[in-house]
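Read off the chains here:
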Amino acid sequence: MPQKQRDRKSRTVPSPESGEQAMIEGILEGSPDAVGVAVIRLDCGCRKMAAVDVSGDPASKIIMYRDNAQSICDQCKDDHGDFRRVVKQFISWKKPEPDQATMAMITAKVLGSE
Ligand SMILES: [Zn+2]
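All values derive from a computational prediction rather than experimental measurement. In every chain, residue numbers begin from 1 and rise along the written sequence. Note on the predicted model: pLDDT of at least 70 is required for a residue's local features to be given, and 80 or more for side-chain atom pairs to be given and counted; whole-chain, interface and lining totals, by contrast, use all residues.

Caption draft 1: Fine view of helix α3 (residues 100-111). Over its 12 residues, α3 extends 16 Å from the first C-alpha to the last, a length consistent with the 16 Å expected when each residue adds 1.5 Å. Numbering of helices and strands runs from the N terminus; a helix is a DSSP stretch of H or I covering at least four residues, while a strand is a stretch of E covering at least two. Gly-112 sits one or two residues past α3 and shows a positive phi near 80°. To estimate how far a helix should extend, the number of its residues minus one is multiplied by 1.5 Å.

Right under this line is the structure:
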């Protein structure tokens, strides 16, 4: 009997970015003054996020989260996401985006110059 080909359900693997995007939108919704959300990805898979306003000041508290997990990992609980473990950081801008100069100013202020 020929083996039935295994149903290859198109597994919709939730990409890390989709959870991240949902978080970003949630933060923007809760922060009316925000022009964007600073996203800091850590090497352990946890993320740190905070809304920023047009002056580059925090517009929300810093939120740490981990995809598909109840809480952040033990290491983050320990070091609160030490900057040495940052693998990527960027700002996700709210539409419409601020002008280039404003974005550059905010980026420098929030993420620092590397
Ligand atoms: Zn972590």
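Caption draft 2: Region of the structure containing the sheet that holds strand β3 (residues 63-66). For two strands to count as paired, DSSP must find a minimum of two bridges between them. What the four strands build is an open sheet, ordered β3-β2-β1-β4; its pairing is antiparallel. This sheet does not close on itself; its edge strands, each paired only once, are β3 and β4 (86-93). Sheet twist, expressed as the mean angle between neighbouring strand axes with direction ignored, is 20°. One ladder, built from seven bridges, connects strand β1 (residues 34-42) with β4; its direction is antiparallel. Looking at β4, one finds that Ile-40 is bridged to Gln-89. Note on contacts: each residue gets a C-beta atom placed from the backbone, and two residues are in contact if those atoms are within 7 Å. All axes are obtained by fitting lines to C-alpha atoms, using only the stretch in contact for helices, and the reported angles, taken between N-to-C directions, cover 0 to 180 degrees. α3 contacts β1, β2 (46-53) and β4 of the sheet and is inclined by roughly 145° relative to β4.

Caption draft 3: Spotlight on the pairing of β2. Here exposure depends only on C-beta density: within 10 Å of a residue's C-beta, 20 or more other C-beta atoms make it buried, 12 or fewer make it exposed, and intermediate numbers make it partly exposed, the C-beta atoms being placed from the backbone. Most of β2 is tucked away, with seven of its eight residues classed as buried. For β1 and β2, the ladder comprises seven bridges, and the chain directions are antiparallel. From the neighbouring strand, Val-37 faces β2, where its bridge partner is Ala-51. Hairpin connection between β1 and β2: a loop of three residues separates the two successive antiparallel strands, and Gly-45 in this loop has a positive phi of roughly 105°. In terms of strand pairing, β2 meets β3 through four bridges, oriented antiparallel.

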